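# Notes for the structure review
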Amino acid sequence: MPHDSTRQVLPPHPDPLPMPLVDNHAHLDLVRDDVPTLGVAAAVAAAGAVGVDRIVQIGCDLASAEISVRLAHQHPELVAGVALHPNEAPRLAAQGALAAAYARIAELAADPRVRVVGESGLDYFRTGPQGREVQHESFRWHIELAKRLDKPLQIHDRDSHEQVLAVLDDCGAPRRVVLHCFSGDVNFARECLERGFYLSFAGPITFKNNHGLRDALAVTPLDRLLLETDAPYLTPHPWRGAGNSPYLLATTARTAAAVLGVAVAHLCEAVSATSEDLYGPW
């Protein structure tokens, strides 16, 4: 891992990819206090310079959902996803504001530049037992919204693998489901793939000791595979801890290609085709 001082600078640009690639999940509107962050226009330009020419911009509270829709209209390289993050739902419920938030998310999700409902799901890491009932309610509401609009559902799943599958099985999953920032093992990957879901892998596949995650990637067919940054978080090795940005997806893509034993160009072509099958043309 680089010395802590490297966190105060932006990581260098990797070599350009041989084929265009889609970043399946990023938060370009978020600014971290601990590291430098590119502005939206600069992040889009930097990504394009290395071949990451399309980005799914995700808004996961009301403010970021509004921003994400606006950015998708301003930048042709972006399409948007909107939802209430599972950790946001208990906070809104405590304020008596959840029903109004649902109504606004539903309105935004109908916009033609919004191609994703998400990220929604369950998070048993940050929310304790007292907030889990509301998380489940919110997850079910988003599942029904995705089905009603026939848009893909991007799922946030943290320390809740089996519970996520149980809710999807009980409700009936939308036609297209993406496990954002996949974090499970081989067995969970197979359970998801058997249901026809898509798995999106991020920077942690590059971390030295993440053998289990690379094993999960290795069993994922190319036509079910997506790649993402989750920028400004989850920066790939050797820049872990620095600020992440879509241009660094080129680093993650090269690791993914090595794990799968395919050419980088073939991987980029496959991921881009799958992304456009899911979200439509940019």
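Provided above is the structure to which this section pertains.
Parameters at a glance
Residues numbered from 1 in each chain as written. Predicted model: local features only at pLDDT ≥ 70, side-chain atom pairs only at ≥ 80, totals over all residues. Heavy atoms only, no water. Buried < 20%, exposed > 50% of the residue type's maximum accessible area, 1.4 Å probe, protein only. Helix = DSSP H or I, 4+ residues; strand = E, 2+ residues; numbered from the N terminus. Pairing = 2+ DSSP bridges. Right-handed = clockwise from strand over helix to strand, strands pointing away. Axes fitted to C-alpha atoms, helices over the stretch in contact; angles between N-to-C directions.

## With respect to the pairing of strand E1 (residues 21-26)
For E1, the tally of buried residues reaches 6 of 6 residues, placing the bulk of the element in the interior. Sheet analysis places E1 next to strand E2 (residues 52-59), joined by 4 bridges and oriented parallel. Opposite Leu21, over in E2, you have Val52 as the bridge partner. Handedness of the crossover is the feature at issue here: the chain leaves E1, passes through helix H1 (residues 40-49), returns alongside E2, and the resulting connection is right-handed.

## Quick notes on the sheet that holds E2
Within the open sheet, the 8 strands sit side by side as E1-E2-E3-E4-E5-E6-E7-E8. Their pairing is parallel. Sheet topology places E1 and strand E8 (225-227) at the edges, where each strand pairs with a single neighbour. In this sheet, neighbouring strand axes are inclined to one another by 25 degrees on average, regardless of whether the strands run parallel or antiparallel. In this structure, strand E4 (residues 114-123) lies alongside strand E5 (residues 153-158), joined through 5 bridges in parallel fashion. Opposite Gly121, over in E5, you have His156 as the bridge partner.

## Some words on the pairing of E4
Of all the 10 residues making up E4, 10 are buried; the element is thus mostly covered by neighbouring parts of the structure. Bridging between strand E3 (residues 78-82) and E4 involves 3 bridges; their strand directions are parallel. Its bridge partner being in E4, Ala80 is matched across the sheet by Val114.

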